[in-house]
Amino acid sequence: MYTGENIGITVSDNGIAELTFDVQNSRVNIFNAQTVDELSRAIEFLESQSNIKGLLIGSAKAAFIAGADINEFAPIFSQGPDKILELLQKSNSNFNRIESLPFPVVAAINGFALGGGCEMVLACDYRMVSEDLRIGLPETRLGIIPGWGGTVRLPRIAGIETAVEWIASGKEYSATQALKVGVVDGVTSVNQLNSSAMDVLQQCIDNKLPYLSRRQQKQSPLRHNDIEKNMAFMTCKAMVGAQAGQHYPAPLTAVTVIEKAADLHRDKALLIESEAFVEMAQTQAALSLSGIFVNDQQLMKKAKQLAKEANSSISKAAVLGAGIMGGGVAYQSALKNIPIKLKDVQQAGLDLGLSEANKLLNKRVKRGRLDSENIGEVLNRIEPSLEYSGFDKVDIVVEAVVEKSEVKTAVLKEVEEKIHPEAILTSNTSTISIDFLAQSLQRPENFCGMHFFNPVHAMPLVEVIRGDKTSDNAIATTVAYAVALGKKAIVVKDCPGFLVNRVLFPYFAGFSLLLCDGVSFERIDKVMEKWGWPMGPAHLLDVVGLDTAVHASGVMADGFPERMPRENSSVIQALLDAQRLGQKNQKGFYDYGTDKKGKPTKTVSDEALEIIQLHRNDDNTEENRCSEEEIVFRMMIPMATELSRCLEENIVDNVAEADMALLYGLGFPPFRGGVFRWIDDIGIECFCSMAEQFQHLGESYRTTDTMKQLRNTGASYYSSSFTQSNDGGDLYVN
Ligand code: COA
């Protein structure tokens, strides 16, 4: 018998050993440093016993193993190649030893077998799994490659094609999918898993199953035809590289490793894998993507904890206004099984809202994410209404009427009288102060902002905005609703633009200045897209709508006149004056249309170019002098300084939440991890000296107090106290 904290081994009288993972203080089994060490000791124990005939590896939890502990990545990766290699060698040695034990080894796999969990079972001789299995190698999604033999054993077990698909995509697969491609050997019910696995083990012990030849196969070079292999790799490398793009090198690297190691014995192949892993682990993508996992877990934990603190649960909701946002909220609520009343003042509005929901549901059916017979059931959860009847039974209301303060004020006042006194009232405003809207309410404590992003079904973020009088229960209930809708809730304090728009508009202001200096919007879009944004600022403004942008920038200008100048005389205002509203009327910076095949088109507008020409500071050719790097910094510095101010003013709680808000709300490039992660990556010194270079452009280009402190101390955002929850205390940097 062996008893560790996370691993236990029992040996029965008939010589069957059972090794069970049960990692303490964690809901799922993970390979943290301690468990990896314990596994070494457990294997030592197994190697030292002479009476063992076979080994069964399983889990005491509802899931098998969810991989290496991602929380340990950043601290280890930052210590350089030797430490990273150490991490790899320990587990590789463990798994090789499992593969060489003097008796057969069968894994009984339930729930999740991801990353290192999957790699460990690949080292076992047979893999029996339960129906609920999700198995895969998600490492490339974290910016790294499998480093514990995944790229070596998977192609030798299931063939090159499967290995490339599984590893490059990083997807999870079901038990039947894994069985079909030969990654696992049998599927049973959860209840039968142990006995089925035990049965396979006995067959191995009785020499009825060829476990030794399987071991041989996993250690030998791959058998293949050279010409076919070369062709196959050439095609799939081109495809994988194009899909992942230059900022995400891990998928292509993984395929190259499989190719390079194909002709080698396991041990040499593992060296190739380790070498490439070390390289990937030191990329910005690896640090950012694993950081996103850690940030996201923190965010969800906090949101779920807050949700638990709500006085009551939400069984029914209501939304006011059946426009794009209101309709989107109704759809999302119905989809997530929360019945919702959809109220509008016009039948036509309600009809439009419902038909949009219908369209989205049909899209889900097409993608195989919903059975067509369930469409009616989901739609039935939306109760359209022109009246307030039944509003006394709802637990939460989302106001999503037109973005005009007098209309919102009147509607909120009206609905407050119709709802239960305990019900929570929220506004989906994107620009109007929550404290201002609260002034007309009798129960401001039950009111807060609930800012969804467009399109509601696709954008993960919901900003929950706390006003001065908002109660903790209102926040907790609103967060609970956002979580129930499958959204990422981030609580922020009330201020003009809240968090996301407050930092987006300085970025747009940076764009306007570049235009005035003669840099073409097409070039700026290309540069920013190359930098990683899903769309450049001109395209984004067209999507947002130039009318909306001008309105919102007015709000920002009122709130922060010293940093955010009025857009009255700006290029954007001039385009608007020429009735160029953006995508909504197919005329913005670009002209939008469709080609002969009905595909959407986007072309630079000559009219827009002429208007912009009139707004140039002079007819200089600044464009020629503005490098790509300068364009990026001129765009990003105003966003970064404003985000830093939000942190200093406790608008947002911590660095991680600030970064995640931009990722989930704006599509900030994931491989950069967020604005603060980006500053840490380039170094605060570099950021500050670039800002100094552009200080003449205005206040938004001045570094903040925190930035100055970080620069003086040589610290980074993620190593500073701002990583932790901000308690509003003095500015302090570790
Ligand atoms: N490293 C560190 N922690 C992990 C982890 C990992 N690889 N996988 C899961 N966890 C932790 C979570 O942080 C969470 O911790 P908590 O209990 O302190 O909140 C707990 O396990 C449960 O995870 P959660 O995501 O809340 O549960 P879920 O059922 O929604 O999802 C997984 C489970 C395994 C699908 C999901 O956690 C996941 O995708 N994990 C990462 C898997 C991975 O990428 N592995 C490869 C690493 S190389």
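Residues numbered from 1 in each chain as written. Predicted model: local features only at pLDDT ≥ 70, side-chain atom pairs only at ≥ 80, totals over all residues. Heavy atoms only, no water.

Student: When you look at the overall build of the protein in this model, what are you seeing that I'm missing?
Tutor: If you tally the helices and strands in the protein, you get 31 helices and 20 strands. Relative to a compact globule of 734 residues, whose C-alpha radius of gyration would be 27 Å, the protein shows 29 Å and is just as compact. Over its C-alpha atoms, taken along the principal directions, the protein stretches across nearly 85 × 65 × 60 Å. Residue burial in the protein is summarised as follows: out of 734 residues, 56% are buried. (Helix = DSSP H or I, 4+ residues; strand = E, 2+ residues; numbered from the N terminus. Rg over C-alpha atoms; globule rule 2.2 N^0.38 Å. Buried < 20%, exposed > 50% of the residue type's maximum accessible area, 1.4 Å probe, protein only.)

Student: Can you help me understand the site of the ligand in this one?
Tutor: Close to the ligand lie 18 residues; Arg27, Ala66, Ala68, Ile70 and Gln297 are nearest. Here a nitrogen atom of the ligand and a backbone polar atom of Ala66 are 2.9 Å apart. Residue Lys301 places a side-chain N or O atom 2.9 Å away from an oxygen atom belonging to the ligand. When the ligand sits alone it has 850 Å² of accessible area, and the protein chains cover 76% of it. The element contributing the most residues to the shell around the ligand is helix H13 (residues 284-308), with three residues. (Near = heavy atom within 4 Å. Polar contact = N/O pair within 3.5 Å; in protein donor to acceptor, adjacent residues only side chain to side chain. Areas by Shrake-Rupley, 256 points an atom, 1.4 Å probe, with all protein chains shown as cover.)

Student: Before we go on, may I ask you to explain the domain arrangement of the protein in this structure?
Tutor: Think of interface size as the accessible area that goes away when the parts come together; that is how it is often given. Considered domain by domain, the protein is made up of domain 1 (2-282), domain 2 (313-493) and domain 3 (500-719). With centres defined by C-alpha atoms, the gap from domain 1 to domain 3 works out at 44 Å. (Domains from an automatic or database assignment.)

Student: Looking at this structure, how should I read the side chain of Glu642?
Tutor: As for its position among the elements, Glu642 is in helix H27 (residues 628-648). We classify Glu642 as buried; its relative accessible area is 0%. Polar side-chain contacts of Glu642 include one of 2.7 Å to the side chain of Arg563.

Student: Please clarify how helix H21 (residues 521-531) should be interpreted in this entry.
Tutor: Each α-helix turn comprises 3.6 residues. Residues three or four places apart therefore point the same way. Regarding H21, the residues found buried are Phe521, Ile524, Asp525, Val527, Met528 and Trp531. Around the axis of H21, the buried residues are gathered within 165° of arc, so they sit on the same side. Once H21 ends, the next one or two residues include Gly532, with phi positive near 135°. (Arc of directions from axis to C-beta.)

Student: What exactly am I supposed to notice about the nonpolar core here?
Tutor: Within soluble globular proteins, side chains that are nonpolar tend to cluster in buried spots. Core analysis: the largest hydrophobic core is formed by 112 residues, its most contacted members being Met528, Phe589, Met636, Met639 and Ile679. Per-element tally for this core: the top contributor is H27, with eleven residues. In this structure, this core is formed jointly by two domains, domain 2 (313-493) and domain 3 (500-719), each of which donates at least three residues. Beyond its immediate chain neighbours, meaning those up to four positions away, Met528 contacts Tyr507, Trp533, Gly536, Pro537, Ile631, Val632, Met635 and Met636. Core analysis: the next-biggest nonpolar cluster, separate from the first, contains 76 residues, Ile76, Ile98, Val121 and Leu222 among them. (Core = buried A, V, L, I, M, F, W, Y, C linked by side-chain atoms within 4.5 Å. Contact = heavy atoms within 4.5 Å.)

Student: Explain the sheet that holds strand E6 (residues 112-114) to me, please; I cannot follow it from the model alone.
Tutor: Within a sheet, neighbouring strands are paired by backbone hydrogen bonds and run either parallel or antiparallel to one another. Overall, mixed pairing links the three strands, which are arranged E6-E8-E9 in an open sheet. Looking at strand neighbours, the two that pair on one side only are E6 and strand E9 (172-174), the edges of this open sheet. Pairwise comparison of adjacent strand axes, ignoring direction, gives a mean angle of 25° for this sheet. The pairing of strand E8 (residues 134-136) with E9 spans three bridges and is classified as antiparallel. Residue pairing across strands places Ile135 opposite Tyr173, the latter belonging to E9. (Pairing = 2+ DSSP bridges. Axes fitted to C-alpha atoms, helices over the stretch in contact; angles between N-to-C directions.)

Student: How should the pairing of strand E5 (residues 105-109) be read in this particular structure?
Tutor: It is a general feature of regular strands that their side chains alternate between the two faces of the sheet. Of all five residues in E5, five are buried, a share of seventy percent or more. Neither face of E5 is exposed, since Val105, Ala107 and Ile109 on one face and Val106 and Ala108 on the opposite face are all buried.

Student: Which parts of the structure should I look at to understand a positive patch on the surface?
Tutor: A contiguous patch of positive charge, built from Lys336, Lys363, Lys366, Arg367 and Arg369, is present on the exposed surface. The topology assignment puts Lys366 in helix H15 (residues 347-366). (Patch = residues over 30% accessible without salt bridge, like charges linked within 9 Å, V, L, I, M, F, W, Y side chains within 5 Å. Salt bridge = Lys/Arg side-chain N within 4 Å of Asp/Glu carboxyl O. Lys, Arg positive; Asp, Glu negative; His and termini not counted. Charge placed at Lys NZ, Arg CZ, Asp CG, Glu CD.)

Student: So what exactly am I meant to see when it comes to unusual backbone geometry here?
Tutor: Note on backbone geometry: most residues besides glycine have negative phi, and most peptide bonds are trans. In this structure, the amide linkage connecting Asn454 to the following residue, Pro455, adopts the cis form with an omega of -5°. If you trace the backbone, Pro455 turns up in the loop between strand E16 (447-452) and strand E17 (461-466). One non-glycine residue, Gln579, lies in the positive phi region at around 60°. In this structure, Gln579 sits in the loop between helix H24 (571-577) and strand E19 (590-594). In the Ramachandran plot, Gln586 falls in the positive-phi region, its phi being about 65° despite a non-glycine side chain. Looking at the secondary structure, you find Gln586 in the loop between H24 and E19. Residue classification places Gln586 among the partly exposed residues on the basis of a relative accessible area of 44%.

Student: Quick question: what am I supposed to make of the sheet that holds strand E4 (residues 54-59) here?
Tutor: Across the sheet, which stays open at both edges, the seven strands sit in the order E1-E2-E3-E4-E5-E7-E10 with mixed pairing between neighbours. The open sheet has two edge strands, strand E1 (2-3) and strand E10 (186-188), and neither has a second partner. As paired elements, strand E2 (residues 7-11) and strand E3 (residues 16-21) share five bridges and run antiparallel to each other. Among the inter-strand pairings, Ile9 is bridged to a residue of E3, identified as Leu19. In the packing of helix H1 (residues 33-48) onto the sheet, contacts are made with E1, E2, E3 and E4, and the angle to E2 comes to roughly 15°.

Student: Before we go on, may I ask you to explain the pairing of E16 in this structure?
Tutor: Judged by how many residues are buried, E16 sits mostly within the fold: six of six residues are covered. Side chains Phe447, Gly449 and His451 of E16 all project onto a buried face; the interleaved residues Cys448, Met450 and Phe452 project onto the opposite face, where all are buried too. Of the pairings in the sheet, the one linking strand E15 (residues 424-427) to E16 comprises three bridges and is parallel in character. Of the residues in E16, the one forming a bridge with Ser427 is Gly449. Pairing of E16 with E17 involves four bridges; the strand directions are antiparallel. Its bridge partner being in E17, Gly449 is matched across the sheet by Ile465.

Student: What am I meant to see in the environment of Gly328 here?
Tutor: Within the secondary structure, Gly328 is located in helix H14 (residues 324-335). Residues in contact with Gly328, not counting those within four places in the same chain, are Gly323 and Val456.

Student: Is there a simple way to explain the pattern of salt bridges in this structure?
Tutor: Summed over all chains, the structure comprises 37 salt bridges. Lys359 is the partner of Glu356 in a salt bridge, and the nearest nitrogen-oxygen pair spans 3.2 Å. With Glu356 and Lys359 both in helix H15, this residue pair falls three residues apart, about one helical turn. For Lys359, a relative accessible area of 52% puts it in the exposed group. The salt bridge partner of Lys393 is Asp392, with a shortest N-O separation of 3.4 Å.

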